[in-house]
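# Remarks on the overall topology
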Amino acid sequence: MSRLLEIENLDLYYGDAQALSEVSLSVDRGQVVAIVGANGAGKSSLIRTIAGIEKPRAGHIRFNGQDITGLESHQTCNLGIGQVAEGRQIFPTLSVEENLEMGGLLPRARSKAGETLERVFTMFPRLAERRAQLAGTMSGGEQQMLAIGRCLMGQPELIMFDEPSLGLAPTVVQEVFHIIRTLHAEGMTILLVEQNVAVSLKISSQAYVLENGRIVMSGSGEALLHDDRVRQAYLGL
Ligand SMILES: Nc1ncnc2c1ncn2[C@@H]1O[C@H](COP(=O)(O)OP(=O)(O)OP(=O)(O)O)[C@@H](O)[C@H]1O
Ligand SMILES: [Mg+2]
């Protein structure tokens, strides 16, 4: 397996407040890697820094062998870093199809947008049925599917999920995990931040525990799932 994403000694500040301290991690091609941590640990900050939304004060981010530290988010997107953000961030006043088309406007994805749209509609028949519906009137679960579909329209090589199951009903949560598993089975590389720690560790080959902006533990998902500290702190066992 080859390395797709490599992060070295990343520091991020908001003003004087340090949100990430010397964060190092790596993601191999085809892997699902989980980031686990309490509220405020810095999980979203890490994802936003990789995406180029936040600018680190120190450290390096390499993607596909290229140093992408400090690049803007449209640049990281066009290199193949996709993101399904916390809160989903779809365009509520555009239709389902228009939302998907927006995802396909990335230069890297434009020429294949038609094909990819058909793939997304096959993967999410509900989006196909509702292609003309305004996105803001879709249910929470449907909006999450749309957010994932829109991300796929950009032909990502890496998808970063930030709390994809947040606020969704249990059956929809199952559906979201099913989609993540399917994407993984198709060879997608995935960085997963998920409040449902047990499930996220089960589907990840590698996992990192973030506390107060620092990586304090890492290992295979399986190993962390059986680690006493992780079980007490994040699984309530
Ligand atoms: N834009 C911002 N300006 C200032 N501080 C911020 C900003 N975004 C996040 N922070 C702070 O950085 C720290 C890490 O926040 P972050 O959102 O990354 O945590 P998180 O692990 O994603 O938490 P949660 O599980 O609640 O989503 C928190 O203390 C938060 O208050
Ligand atoms: Mg967060």
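Scoring rules and cut-offs
Residues numbered from 1 in each chain as written. Chains lettered and ligands numbered in written order. Predicted model: local features only at pLDDT ≥ 70, side-chain atom pairs only at ≥ 80, totals over all residues. Heavy atoms only, no water. Pairing = 2+ DSSP bridges. Helix = DSSP H or I, 4+ residues; strand = E, 2+ residues; numbered from the N terminus. Axes fitted to C-alpha atoms, helices over the stretch in contact; angles between N-to-C directions. Contact = heavy atoms within 4.5 Å. Domains from an automatic or database assignment. Buried area = accessible area lost by both parts, 1.4 Å probe. Salt bridge = Lys/Arg side-chain N within 4 Å of Asp/Glu carboxyl O.

### Let's talk about the sheet that holds strand S3 (residues 32-36)
Spatially, the six strands line up as an open sheet ordered S6-S7-S8-S3-S9-S10, and their pairing is mixed. The open sheet has two edge strands, strand S6 (81-84) and strand S10 (214-219), and neither has a second partner. Pairs of neighbouring strands in the sheet enclose a mean axial angle of 20°, with direction left out of account. Pairing of S6 with strand S7 (residues 158-162), which is carried by four bridges, proceeds in the parallel orientation. When the sheet's bridge partners are listed, Val-84 is paired in S7 with Phe-161. Contacts from helix H1 (residues 43-50) reach S3, S6, S7, strand S8 (189-193) and strand S9 (206-211), with the element oriented near 150° to S7.

### Remarks on the domain arrangement of the protein chain
When the domains of the protein chain are assigned, the result is domain 1 (3-80 + 157-234) and domain 2 (94-155). Here the C-alpha centroids of domain 1 and domain 2 sit 24 Å apart. Residue-level contacts link 19 residues of domain 1 with 14 residues of domain 2. Broken down residue by residue, the surface that domain 1 buries against domain 2 is led by Asn-78, Ile-159 and Ile-179, which jointly contribute 36%. At the boundary of domain 1 and domain 2, one finds zero salt bridges.

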